[in-house]
Amino acid sequence: MNQDIAEGKWKQLKAQIKEKWADLTDDEIEQAQANNEHFIGVIQERYGIAKDEAEKKFNELKKKIS
């Protein structure tokens, strides 16, 4: 996958994250690109949901743009 495609997919994912989890800051969303596990922990903490549920929802968003 070339750099342009990867950047485009990241922008799509970022937009979907903002839509689904509007309370997250831009910095927290940027963490998703660098470290998925940490980002899932942020979702878990901010929204008070179980880790497996946060991971499932995040993975569903990623699948939508694949």
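Right above here is the structure, for reference.
Residues numbered from 1 in each chain as written. Predicted model: local features only at pLDDT ≥ 70, side-chain atom pairs only at ≥ 80, totals over all residues. Heavy atoms only, no water.

1. Concerning the overall build of the protein
Part 1 of the argument: Broken down by element type, the protein carries four helices and zero strands.
Part 2 of the argument: Sequence-ordered secondary structure for the protein, helices as α and strands as β, is α-α-α-α.
Part 3 of the argument: In the protein, which comprises 66 residues, the proportion classed as buried is 26%.
Part 4 of the argument: Partitioning the intrachain contacts of the protein with sequence separation of at least 6 by distance along the chain shows that 34% fall at a separation of at least 24. (Helix = DSSP H or I, 4+ residues; strand = E, 2+ residues; numbered from the N terminus. Buried < 20%, exposed > 50% of the residue type's maximum accessible area, 1.4 Å probe, protein only. Contact = heavy atoms within 4.5 Å.)

2. Things to note about the pattern of salt bridges
As a working rule, side chains carrying opposite charge can pair if their charged atoms are close by.
Part 1 of the argument: For the structure on display, the rule yields five salt bridges.
Part 2 of the argument: Here Asp26 makes a salt bridge to Lys18, at a shortest N to O gap of 3.2 Å.
Part 3 of the argument: Between Lys51 and Glu37 there is a salt bridge whose closest N-O contact spans 3.4 Å. You can see Lys51 sitting in helix α4 (residues 51–65) and its partner Glu37 sitting in helix α3 (residues 36–47), a full 14 residues away along the chain.
Part 4 of the argument: Under the relative-accessibility criterion, Lys51 is labelled partly exposed at 42%.
Part 5 of the argument: Residue Glu37 is classed as partly exposed on the basis of its relative accessible area, which comes to 44%. (Salt bridge = Lys/Arg side-chain N within 4 Å of Asp/Glu carboxyl O.)

3. Some thoughts on the nonpolar core
Part 1 of the argument: Ranked by internal contacts, the top residues of the largest apolar core, which has 16 residues, are Leu13, Ile17, Trp21, Leu24, Phe39, Ile43 and Phe58.
Part 2 of the argument: Mapped by element, the contributors of at least two residues to this core are α1 (3–20), α2 (26–34), α3 and α4.
Part 3 of the argument: Not counting chain neighbours up to four residues away, the residues in contact with Ile43 comprise Trp21, Leu24, Gly48, Ile49 and Ala54. (Core = buried A, V, L, I, M, F, W, Y, C linked by side-chain atoms within 4.5 Å.)

4. Remarks on the packing of α3 against α4
Part 1 of the argument: For the pair α3 and α4, interaxial distance at closest approach is 9 Å and the crossing angle is 120°. As the angle between them shows, α3 and α4 are arranged oblique. The chirality of how α3 crosses α4 is right-handed. Residues Asn36, Glu37, Phe39, Ile40, Ile43 and Gln44 of α3 lie in contact with α4, whose contacting residues are Lys51, Ala54, Glu55, Phe58 and Lys62.
Part 2 of the argument: For the contact of α3 with α4, the residue count by class is five nonpolar, two polar and four charged. (Axes fitted to C-alpha atoms, helices over the stretch in contact; angles between N-to-C directions. Parallel < 35°, antiparallel > 145°, perpendicular 65-115°, else oblique. Left-handed = near helix turned anticlockwise from the far one by under 90°. Nonpolar A, V, L, I, M, F, W, Y, C, P; charged D, E, K, R; others polar.)

5. Side note on α1
Part 1 of the argument: Look at α1: 26 Å from first C-alpha to last across 18 residues, which is about the 26 Å you get at 1.5 Å a residue.
Part 2 of the argument: Residues of α1 that are buried include every one of Trp10, Leu13 and Ile17, and no others. All buried residues of α1 fall inside an arc of 65° around its axis, so they share one side. Every exposed residue of α1 that faces more than 90 degrees away from the buried side is listed here: Asp4, Lys11 and Glu19.
Part 3 of the argument: Along its buried surface, α1 packs onto α2, α3 and α4. (Expected span 1.5 Å × (residues − 1). Arc of directions from axis to C-beta.)

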